[in-house]
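# Fold and contact review
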Amino acid sequence: MKKLEIIIEAIERRRVCKILDEVGVSGYTVIDDLQGRGKSGSKNASDPSNILKSSMIIVVDEESVINSAIDKLKEVFKFYSGKMFLSDIQVID
Amino acid sequence: MKKLEIIIEAIERRRVCKILDEVGVSGYTVIDDLQGRGKSGSKNASDPSNILKSSMIIVVDEESVINSAIDKLKEVFKFYSGKMFLSDIQVID
Amino acid sequence: MKKLEIIIEAIERRRVCKILDEVGVSGYTVIDDLQGRGKSGSKNASDPSNILKSSMIIVVDEESVINSAIDKLKEVFKFYSGKMFLSDIQVID
Amino acid sequence: MEFLSDALSNFTSPMILFFVLGFIATILKSDIEIPDVITKTLAIYFMIAIGLKGGFEISKSGIDENLYSAVFNSLLIGFFVPLIAFLILKFIGRFDSTNSGAIAAHYGSVSVVTFVTAISFLNSKSEPFSGYMVGMMALMESPAIFVSLLLVRIFDSQKIASLKSNTVDLLKESLFNASVVLLFGSLLIGLAVGEKGISVVKPFFIDPFNGVLTLFLLDMGMIAGKRISEFKAVGVFLFFFALIMPLISASLTIGLTNLFGFSTGDSLLFSVLAASASYIAAPAAVRIALPKANPAYYITMSLAITFPFNIILGIPLYYFILNLFR
Amino acid sequence: MEFLSDALSNFTSPMILFFVLGFIATILKSDIEIPDVITKTLAIYFMIAIGLKGGFEISKSGIDENLYSAVFNSLLIGFFVPLIAFLILKFIGRFDSTNSGAIAAHYGSVSVVTFVTAISFLNSKSEPFSGYMVGMMALMESPAIFVSLLLVRIFDSQKIASLKSNTVDLLKESLFNASVVLLFGSLLIGLAVGEKGISVVKPFFIDPFNGVLTLFLLDMGMIAGKRISEFKAVGVFLFFFALIMPLISASLTIGLTNLFGFSTGDSLLFSVLAASASYIAAPAAVRIALPKANPAYYITMSLAITFPFNIILGIPLYYFILNLFR
Amino acid sequence: MEFLSDALSNFTSPMILFFVLGFIATILKSDIEIPDVITKTLAIYFMIAIGLKGGFEISKSGIDENLYSAVFNSLLIGFFVPLIAFLILKFIGRFDSTNSGAIAAHYGSVSVVTFVTAISFLNSKSEPFSGYMVGMMALMESPAIFVSLLLVRIFDSQKIASLKSNTVDLLKESLFNASVVLLFGSLLIGLAVGEKGISVVKPFFIDPFNGVLTLFLLDMGMIAGKRISEFKAVGVFLFFFALIMPLISASLTIGLTNLFGFSTGDSLLFSVLAASASYIAAPAAVRIALPKANPAYYITMSLAITFPFNIILGIPLYYFILNLFR
Ligand SMILES: Nc1ncnc2c1ncn2[C@@H]1O[C@H](COP(=O)(O)O)[C@@H](O)[C@H]1O
Ligand SMILES: Nc1ncnc2c1ncn2[C@@H]1O[C@H](COP(=O)(O)O)[C@@H](O)[C@H]1O
Ligand SMILES: Nc1ncnc2c1ncn2[C@@H]1O[C@H](COP(=O)(O)O)[C@@H](O)[C@H]1O
Ligand code: NA
Ligand code: NA
Ligand code: NA
């Protein structure tokens, strides 16, 4: 199984989840209120309009599902700052 | 070394930590107030009784320790929604 | 690419980020308000002076960069409780 | 007709109107987000405020023999309401024991905010009530939950599936449940500090009370609104159960309070406590004791159906019925 | 000179002084952290408070024909301010259409807290104003944003790069935008509940209002201070634009309000709305509609330059100019 | 005996009683959770409130020559208290220099909430005190920390192990420490705005003050209660040190204040400042400057032993002793 960690601007978190639902991933976990720094400068939580925060969405699923998710998500990253990280993982059940 | 990521309903977080202490893992890290979606439907933070949130507990330890933790934890997952993810990791010291 | 997960006392989070900036990592993500337990006892969020919380800093970069970051960071861990975990990861772009 | 005018006057109460606003706002997808931590803190604020006020009232009125009948009455309600709910759900609704018990626990237990809303309703009618009623609420929070668990044990062919440790933990927890401790603690403090002590906290815990309630109900409206999406999961039977059960509990209670001869104010509060469904204490307890029960049922019912019904129509309705008997 | 004395008297207003304190504190790196959730909640508090108050005023004064001219005036401002801003930015500042439109949207839209500060300025001068002005603010939040997006579409050779779905979402969202719903909702509730209802929430939503504003402005001062580091990114032109644009918008508005013959109070509020730059609604909308625009520009300008300028110098200045014409 | 009656009357103060309630609640494992962000915000609220009030008092009374002796007195306390603490810990307690210094820093520095509680104690006795005492508290926060670090440097054979940059950062930080800036800032603002300005914020920062303190002490009680588990780690010597050190500091201070001839109110506040142990500024500073010191010691001692002792018994006790000399 593959684990995809998506870091995206808070404001686009909803869209990312919507895309994941459409792709039909088996589930995901969201961590909000992240800070950070990247090439687009630093993101810190003190901004009333909330556009300077990030969220992390973690998805674990079969490689095929993850790949189709990645394709759909790339569109979002054309416009919004964030990152996608992929790694191997094993699901216990 | 192995890294076990446990996602569990907030309400059962304490029990999971208790189990990990009993198993005698060398330590763990807890992230609270997670949202997400899984087969049991979506978890979102706005619920006064706090039963619709999840927490993530991260444990890094030797494979053997992790495995005995997993065994003990399976009992919890019989009753509560959540996931356990296992991956390889290296500890720096 | 390598992923470095740094868990450090909240109070030293700023210094860790400063070091990462100096090393010149391409970016990092910060998760605040972590709780946990380790050899130095348990960290829980209810402490007015905020010295009993941890933060996690996630860095993804080339092995070489990560290694030089680790060297620089070791100094911090001589004095403060925390952990560094290293794993393989793939960056999507 | 008095009830109508009350029900309508209810709609010139800012609290109710902000609840409605919150509800509508969510349906319009306009996310006015009141952070969780604020909701939690406001809930604590209310328990302290009503506890202090109640204790202070007692310190003035003194404890009359009514107290004992009040305690007795609370226990009766705490026993019969969940029992009736359970039987309806299991034998009319044909739900399995676990879900029947889970839901019964919620309707047997009480909702602090519904109680608080009833208090501000009584104040607006300058209808007096006893200070110890706060104690009664604290008293009624847990018993019904245990009655329900007992019913599940009795009716469930195979013993309830749950983690061993749990039921023990549960007893401990619900005995010293956060709200129970906070309510009784504040009640005792209100009793102890007297006039002078109360005057010291009045500008924070008493004067702004209704305003804070307004903000809180805005949030409750949004929380309730968010759960509408779950209505399908709940189904027709449970939907109507969530509307009719409060009427049953209230009628039963109005009967009891007439027997005991409580004041109109106290009787209304008893009826509201009986009619209200818990959405904090009970869900937490039930999730632990009956993990196999479906949370979508009980949370949606108590938060999104019974709570709105009670604060908008229930309270004036019970008040109206009560007055028919006087 | 009256303006000077006003500007100075502004410096004996605790709100302004705490804003300055917050600003200084951040520069001194002394991190007094007011948690985000508190800022969010206070913003909600203000919208409810001014909504209720405004609605209540209307219920007393009744709706006069002025209302229609007020609405018309709001729309004029909502159209011309972003247009002027856009043209200056694109043809004098030589910025690309996307960034020009993004910034124009901010200056066309409004800042709730600047408005709130102006209200407490008027109260301190016991200068009356109409209850419906709160409605005007709610009205002026979104149109300018759409005008700006339109301008980008018109001037941008290739259609704006953005995710298809977005502009549709945007229309929905901004129509039932959190603050719009909250402001209009509170306004209506204030209208409905009347004297009695207001008195019920007064100790929470009206009496502590200025004190809460003080705390909030301390926070705003820190937030503004934190963005100074971005000044280099903003550059000289935009820096001065952020100071001069409010003057242009205010002058234009003072002209309009004289034509329409609004009261001094209403005219000041209109000028402040025109001069203020949004830092909540607009950034969120623009980030979605014009992702290619640089947030460092518009957030820094509205938060760290225009907002401080307006609350410290702008308000008394516009008030002074207004009075020259009376 | 007056002290007893005071100590007892202390137990009819809602603040103290809620502290006790919080403490008990935690021991009963009933987790009434007041979110962290609320605690942080309330701490800021208190510093603004007492700062404003203090500054306003000064603006009325004017600055008398006493101010200079007050500053001098503060510095004396800030020097001798940590010195005495350090010597006791190192030579009687036989602790290493690092831990001795770390703990000394806490007892030398001050606790804002203990000070605030003393103020409401004085108010309840309608005992006057000088506005500049708030300034003295701000003044006393940092020096003792540096005295302690100096002592460690002197007594530590090998230079203190810590990250180089740290001590420099520390000086900067503690000079413009959040609370120092906030307290002095509010003090100056209180001075500047005068009667009119204060009246504007009174309903938020002054009237509800005691009520807010009640809520805050409930939380402090729970925080203190949670640390009991660490008592074993602390050990017998440090446990008693945490009870006796405040008495030593208070006695020393009562002596000094008699020499300087301060009013009863001011003398009590000085004694309370001397006797109180910091649990916000000092732990943060010490964790940075003396990372090798054991946090379980100093946090548990100041939060769970000295703080409760001071607010429950200490304040009335020092007040009683003070009055013996008048
Ligand atoms: N190399 C990295 N490692 C971890 N997180 C990163 C990295 N680069 C970017 N991020 C995260 O992604 C967000 C946006 O990155 P960017 O689009 O490069 O500005 C940052 O605020 C970080 O939270
Ligand atoms: N495939 C997945 N990837 C990441 N997180 C998941 C996944 N499935 C479930 N989760 C998390 O586990 C929680 C409970 O899942 P479930 O028990 O399937 O309802 C969800 O709310 C998610 O936070
Ligand atoms: N084995 C572990 N797995 C995951 N997190 C750990 C582990 N050990 C320590 N931690 C985290 O690191 C923090 C400090 O650890 P320590 O320095 O061992 O006290 C703890 O509070 C945990 O959050
Ligand atoms: Na009930
Ligand atoms: Na504007
Ligand atoms: Na001290």
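Residues numbered from 1 in each chain as written. Chains lettered and ligands numbered in written order. Predicted model: local features only at pLDDT ≥ 70, side-chain atom pairs only at ≥ 80, totals over all residues. Heavy atoms only, no water.

## Observations regarding empty space enclosed by the protein
According to the stated counting rule, one finds 1 cavity of 30 Å³ or more in the structure shown. What the largest cavity holds in volume is close to 70 Å³. Lining the largest cavity are 13 residues, and of these Glu5(A), Met56(A), Glu5(B), Glu5(C) and Ile58(C) lie nearest its centre. Counting residues per element, the ones that place at least two in the lining of the largest cavity are β1 (2-9) and β4 (54-61) of chain A, β4 (54-61) of chain B together with β4 (54-61) of chain C. Here the lining of the largest cavity is built from residues that sort into 9 nonpolar, no polar and 4 charged. (1 Å grid on protein atoms, 1.4 Å probe; cavity = no way out; pocket = protein on both sides within 12 Å on 5 of 7 lines; lining within 4 Å. Points joined across faces, edges and corners; volume = space filled by probe spheres on them. Helix = DSSP H or I, 4+ residues; strand = E, 2+ residues; numbered from the N terminus. Nonpolar A, V, L, I, M, F, W, Y, C, P; charged D, E, K, R; others polar.)

## Considering the environment of Val25(C)
With respect to the secondary-structure elements, Val25(C) resides in the loop between α1 (13-23) and β2 (28-38). On a C-alpha basis, the gap between Val25(C) and Val65(C) in space is 6.5 Å, while along the polypeptide they are 40 residues apart. Ignoring any residue separated from it by four or fewer positions in sequence, one finds Val25(C) in contact with Arg37(A), Leu20(C), Val59(C), Asp61(C) and Val65(C). (Contact = heavy atoms within 4.5 Å.)

## Section: the coordination of the sodium ion (ligand 6)
All names here are of chain F. Protein coordination at the sodium ion (ligand 6) comes from Tyr 107 (O), Ser 109 (O), Leu 273 (O), Ala 274 (O) and Ser 276 (O), with a distance range of 2.4 to 2.7 Å. Every donor residue of the sodium ion (ligand 6) comes from the same chain, spaced as Y-x1-S-x163-L-A-x1-S. With Ser 109 in the loop between α5 (97-108) and α6 (112-124) and Leu 273 in helix α13 (residues 264-275), the pair connects residues that are 164 residues apart, well separated along the chain. The same class applies to Ser 109 and to Leu 273, which are both buried. (Donors = N, O, S within 2.8 Å, 3.2 Å for Na, K, Ca; no water. Buried < 20%, exposed > 50% of the residue type's maximum accessible area, 1.4 Å probe, protein only.)

## Examining the interface of chain B and chain D
Taken together, the contact between chain B and chain D spans 19 residues of the former and 23 residues of the latter. Between chain B and chain D lies a buried interface of about 1700 Å² when both sides are counted; carbon and sulfur atoms form 59% of it. Linking chain B with chain D are 2 salt bridges, by the criterion used here. A salt bridge links Asp36(D) to Lys53(B); the shortest N-O distance between them is 2.9 Å. At the boundary of chain B and chain D, one finds 5 residue pairs in polar contact (both at pLDDT 80 or more). Split by residue class, the side of chain B that touches chain D holds 8 nonpolar, 4 polar and 7 charged. (Buried area = accessible area lost by both parts, 1.4 Å probe. Salt bridge = Lys/Arg side-chain N within 4 Å of Asp/Glu carboxyl O. Polar contact = N/O pair within 3.5 Å; in protein donor to acceptor, adjacent residues only side chain to side chain.)

## Side note on the relation of the copies chain D and chain E
Laying chain D over chain E is done by rotating through 120° and shifting 0.0 Å along the axis; what remains is an RMSD of 0.0 Å. Here the transformation between the copies is reduced to the relation of a three-fold axis. The overlap is low: 8% of the interface residues of chain D also sit at the interface in chain E, so different surfaces are used on the two sides. (Least-squares fit on C-alpha atoms with pLDDT ≥ 70 in both.)

## A look at the packing of helix α4 (residues 66-92) of chain E against helix α8 (residues 143-155) of chain E
Residue and element names in this part refer to chain E. At a closest axis distance of 9 Å, the pairing of α4 and α8 adopts a crossing angle of 40°. Regarding the angle of α4 to α8, the classification is oblique. Of the two possible hands of crossing, α4 and α8 adopt the one that is right-handed. Residues Gly 78, Phe 79, Pro 82, Leu 83, Phe 86, Leu 87, Lys 90 and Phe 91 of α4 form the contact with α8, whose participating residues are Pro 143, Ala 144, Val 147, Ser 148, Leu 151, Val 152 and Phe 155. Residue composition of the contact of α4 with α8, by class: 12 nonpolar, 2 polar and 1 charged. (Axes fitted to C-alpha atoms, helices over the stretch in contact; angles between N-to-C directions. Parallel < 35°, antiparallel > 145°, perpendicular 65-115°, else oblique. Left-handed = near helix turned anticlockwise from the far one by under 90°.)

## Quick notes on the nonpolar core
If you look at the biggest cluster of nonpolar residues, it comprises 367 residues, and the most contacted ones within it are Ile50(D), Ile50(E) and Ile50(F). The residues contacting Ile50(E), other than those within four sequence positions of it, are Val112(E), Phe115(E), Val116(E), Ile119(E), Val134(E), Met137(E), Leu183(E) and Phe209(E). (Core = buried A, V, L, I, M, F, W, Y, C linked by side-chain atoms within 4.5 Å.)

## Describing helix α2 (residues 63-79) of chain C
Compared with an ideal rise of 1.5 Å per residue, which puts 17 residues at 24 Å, α2(C) spans 25 Å between its outermost C-alpha atoms and is within 8% of the ideal. All of the buried residues in α2(C) are Val65(C), Ile66(C), Ala69(C), Ile70(C), Leu73(C), Val76(C), Phe77(C) and Phe79(C). Buried positions along α2(C) lie against β6 (90-92) of chain B, β1 (2-9), α1, β4 and β5 (82-88) of chain C together with α14 (281-289) of chain F. (Expected span 1.5 Å × (residues − 1).)

## Section: the site of ligand 2
Close contacts around ligand 2 come from 19 residues, with Ser26(A), Thr29(A), Val60(A), Lys39(B) and Ser40(B) the closest. Each of chains A and B places residues near ligand 2. For ligand 2, an oxygen atom lies 3.4 Å from a polar atom in the backbone of Tyr28(A). The side chain of Thr29(A) places a nitrogen or oxygen atom 2.8 Å from an oxygen atom of ligand 2. If ligand 2 stood free it would expose 480 Å²; the protein chains cover 99% of that surface. No other element matches the 4 residues that strand β2 (residues 28-38) of chain B contributes to the shell around ligand 2. (Near = heavy atom within 4 Å. Areas by Shrake-Rupley, 256 points an atom, 1.4 Å probe, with all protein chains shown as cover.)

## Points about the pattern of salt bridges
If charged atoms from side chains of opposite charge come close, those side chains can pair. This model, assessed by the stated rule, comprises 44 salt bridges over all chains. Across the salt bridge formed by Glu22(A) and Lys18(A), the nearest N and O atoms sit 3.9 Å from each other. Of this pair, Glu22(A) and Lys18(A) both sit in helix α1 (residues 13-23), separated by 4 residues, roughly a single helical turn. Across the pair Lys53(C) and Asp33(C) runs a salt bridge whose closest N-O atoms are separated by 3.2 Å.

## Quick word on the site of ligand 1
Surveying the vicinity of ligand 1 reveals 19 residues, the closest of which are Lys39(A), Ser40(A), Ser26(C), Thr29(C) and Val60(C). Residues lining ligand 1 come from chains A and C. Backbone polar atom of Gly82(A) to an oxygen atom of ligand 1: 3.1 Å apart, as the coordinates give it. The side chain of Ser26(C) places a nitrogen or oxygen atom 3.0 Å from a nitrogen atom of ligand 1. For ligand 1, whose free accessible area comes to 480 Å², the fraction covered by protein is 99%.

What is shown is where atoms sit, not what they do.
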